[in-house]
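Residue-level listing of the chains:
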Amino acid sequence: MTEKKKTTQDMSFEILKTSSTSKARLGRITTAHGVIETPAFMPDATRGAVQTISSLQLADTKTSALVSNTLHLYLKPGSELIRSQGGLHQFMHWDKPILTDGGGFQIYSLIHRSSLKGKINAEGMTFQSPLDGSMHTLTPEKSQEIQFDLGSDIKMAFDDCIHADQDKQRNLESVELTTQWSRRAKEKFGAMSNELGVESLIYAIVQGGNDREMRKKSFEELNEIGFDGFAYGGWPIDAEGQFMEDIIGYTASLMPDDKPKYAMGIGTPDDIRKGVELGYDLFDCVLPTRNARHGHLYTSEGILRVKNGEFKDDNRPIDPVCDCTACVNYSRAYIRHLINIDEPLGKSLCTIHNLRYYARMMEDIREQLAIT
RNA sequence: GCCGAGGUCGUAUAGUGGUCAAUUACAGGGGACUGUAAAUCCCCCGCCGCAAGGCUACGAAGGUUCAAAUCCUUCCCUCGGCA
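Per-chain numbering applies: the sequence of each chain, read as written, is numbered from 1 onward. The lettering of chains begins at A and the numbering of ligands begins at 1, in the order of writing. Residue-level local features of this predicted model are given only where pLDDT is at least 70; pairs of side-chain atoms are given and counted only at 80 or more, and the full residue set underlies all totals for whole chains, interfaces and linings.

1. Quick look at the sheet that holds strand β8 (residues 125-128)
Stated precisely, the cut-off is as follows: Strands qualify as paired when DSSP identifies two bridges or more between them. A run of DSSP states H or I qualifies as a helix once it reaches four residues; a run of E qualifies as a strand once it reaches two. Both are numbered from the N-terminal end. Fitted lines through C-alpha atoms give the axes, limited to the stretch in contact for helices. The angle between two N-to-C directions lies from 0 to 180 degrees.
Taken in spatial order, the three strands line up as β7-β8-β9 in an open sheet, and their pairing is antiparallel. Either end of the sheet is taken by a strand with one partner, and the two such strands are β7 (118-120) and β9 (135-138). Neighbour-to-neighbour, the strand axes of the sheet open up by a mean angle of 15°, direction not taken into account. Alignment of β8 against β9, held across four bridges, turns out to be antiparallel. Note that in β9 the partner of M125 across the bridge is L138.

2. A closer look at helix α9 (residues 212-225)
Given 3.6 residues per turn, any residue in an α-helix points the same way as the ones three and four places further on. Our working rule: A helix is expected to reach a length of 1.5 Å times the quantity of its residues less one. Residues with at least 20 neighbouring C-beta atoms inside 10 Å of their own are called buried, those with 12 or fewer are called exposed, and the rest are partly exposed, where every C-beta is derived from the backbone. Note: the arc covers the axis-to-C-beta directions of the helix. Throughout, a residue-residue contact means that the two C-beta atoms, derived from backbone geometry, are no farther apart than 7 Å.
Over its 14 residues, α9 extends 20 Å from the first C-alpha to the last, a length consistent with the 20 Å expected when each residue adds 1.5 Å. Taken together, the buried positions of α9 are occupied by M214, R215, S218, F219 and L222. Around the axis of α9, the buried residues are gathered within 130° of arc, so they sit on the same side. In α9, the exposed residues that point more than 90 degrees away from the buried face are E213, E220 and E224. Close packing links the buried residues of α9 with α8 (168-196), β11 (201-206), β12 (229-232) and α10 (245-254). Positive phi appears at G226, one or two residues downstream of α9, with a value of about 95°.

3. Things to note about unusual backbone geometry
In this model, T38 is joined to P39 through a cis peptide bond whose omega is 0°. As for its position among the elements, P39 is in the loop between β3 (34-38) and β4 (40-43). Of the consecutive residues K76 and P77, the connecting peptide bond is found in the cis state with omega at 10°. By the element assignment, P77 lies in the loop between α3 (70-75) and α4 (79-84).

4. Quick notes on the pairing of strand β16 (residues 302-305)
Taken together, the four bridges between strand β15 (residues 296-299) and β16 define a ladder with antiparallel strand orientation. Within β16, the residue paired with T299 across the bridge is G302. Once β15 ends, the chain turns through two residues before running back antiparallel as β16.

5. Structural notes on the pairing of β12
As a reminder, the rule being used: Seen with its strands pointing away from the viewer, a crossover is right-handed if its path from the first strand over the helix to the second goes clockwise.
Because side chains alternate across β12, one face comprises the buried residues G229 and A231, and the other comprises F230 and Y232, equally buried. Handedness of the β-α-β unit built from β11, α9 and β12 comes out right-handed. Relative to strand β13 (residues 261-263), β12 runs parallel, the two sharing three bridges. Paired with F230 across the two strands is K261, which belongs to β13. The β-α-β motif built from β12, the intervening α10 and the parallel element β13 has right-handed crossover chirality.

6. Notes on helix α7 (residues 140-150)
Of all 11 residues making up α7, nine are buried, and the element is well covered by its neighbours. Burial in α7 covers these residues: P140, K142, S143, Q144, I146, Q147, F148, D149 and L150. In the segment just after α7, G151 is the residue with positive phi, at about 80°.

7. Brief notes about the sheet that holds β11
A sheet is described by the order of its strands in space; here eight strands give the open sequence β4-β14-β13-β12-β11-β10-β6-β5, paired in parallel fashion. Pairing within the sheet leaves two strands with one partner each, and these edge strands are β4 and β5 (66-69). Taken pair by pair, the neighbouring strands of this sheet meet at an average axis angle of 25°, ignoring direction. Contacts between α8 and the sheet are confined to β10 (154-156) and β11, with β11 contributing the most and set at about 180° to the helix. Running at roughly 170° to β12, α10 makes contact with β11, β12 and β13 of the sheet.

8. So, the nonpolar core
Rule in force here: Buried Ala, Val, Leu, Ile, Met, Phe, Trp, Tyr and Cys residues whose C-beta atoms connect them within 7 Å together make up a nonpolar core.
In terms of nonpolar packing, the biggest core is built from 95 residues, with M42, L66, Y203, F230, A263 and F283 touching the most fellow members. Not counting residues up to four positions away in its chain, the partners in contact with F283 are F41, M42, A263, I266, I272 and G275.

9. Points about the environment of T178
Mapped onto the secondary structure, T178 falls in helix α8. For T178, a count of 28 C-beta atoms within 10 Å puts it in the buried group. Through-space distance from the C-alpha of T178 to that of A333 is 49 Å; in sequence the pair is 155 residues apart. Sequence-distant contacts of T178, defined by excluding residues within four places in its chain, comprise D159, D160, I205, Q207 and S218.

This is the structure we're talking about:
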């Protein structure tokens with residue numbers, strides 16, 4: 001780190017308070033588009049929108065930041081287009097912080113879960129677009145270029161994600177590739193930041209699967225390169241669907257306490273509470289939004305599957321304690337009806353509710369941290 | 001009244017001698033979803049039973065047959081045409 005680089009990056013994270021009973025901390029991440037009070041949950045707006053709701057409705061849930069995606073926006077509508085529209089903030093009319101994932105996970109996901117072709121080599125990942133079958137190559141450099149086009153506040157280094165049960169050899173390969181790619185991403189990030197005069201942050205993703213040694217190796221190599229924050233990468237739950245607390249906690253313990261720790265893809269409300277206690281500051285997950293579209297709602301009294309017949313004539317709000325638009329204005333019976341007739345408004349209201357539930361949960365967590 | 005077509009599990013359909021408690025879709029019931037190819041996917045859906053299995057069923061009643069949703073007879077009903 002040279003003197004002149006000591007600007008936003010070095011001021012980007014401050015810890016306001018540390019818990020005396022766990023590794024949880026109350027903090028603040030400062031970006032070019034404002035502050036994220038941590039611990040924070042960031043919903044996924046993968047393709048430039050949190051599905052079914054507008055950025056204004058998202059703001060109403062008091063969500064402080066969102067996650068969007070390099071790969072998806074690169075494929076459609078193309079990152080140059082978004083740059084020409086003034087960047088993703090302006091394009092989607094969201095003036096708060098945006099974190100963009102690097103695209104590695106999405107390609108892994110495409111290759112892993114489908115018959116689509118894709119291959120990984122030292123250069124990067126070559127894969128077939130699920131949209132039109134065309135072949136593309138994403139490299140660490142290309143991923144950064146796209147993220148600069150998007151204009152995100154926090155950029156992720158391109159990583160090679162694997163499933164938790166991969167063999168040792170593949171795990172090692174993933175760690176080594178992620179290190180190489182992260183180094184290249186960091187170089188590109190530095191060069192583009194200088195060239196464009198843009199101030200943003202870059203986080204790296206720690207791989208290593210369910211193997212402590214590999215996690216340690218991955219973290220140490222990344223730390224040597226130097227990043228503004230570190231993320232737990234990989235898959236957070238085991239084959240039985242259990243939150244992998246041990247390895248996730250261990251990975252957090254490796255990361256420097258003076259930098260943000262980001263738990264990618266986590267999780268359920270319970271998983272997030274555990275994640276906070278393990279020391280994580282940032283979370284993102286598709287669960288609240290995807291589940292909302294399926295009528296699976298989080299409430300102060302537990303999970304409420306609003307499609308279920310028992311709510312047919314229930315005129316109470318989803319959650320009497322909730323202050324979201326859906327709960328303040330509409331009944332379970334009405335929302336059930338909307339979901340059952342596949343009316344988009346039903347999905348929107350459920351999404352608003354779940355995101356407000358998550359936001360309130362994070363508010364509660366921060367409040368508890370502040371007073372204890 | 002005559003002629004034609006038809007009556008199948010909530011609805012709409014498939015099945016025209018055994019492989020049929022019976023296809024498919026919708027409706028209905030339940031569940032899954034963790035850095036989003038997810039507005040997706042899975043299960044149940046005659047009755048009893050955890051199950052094996054049993055029982056009752058393809059408009060009604062008879063009949064033919066080892067065997068009928070499927071063939072025959074009569075009746076009831078619906079739709080179209082003619083009176």
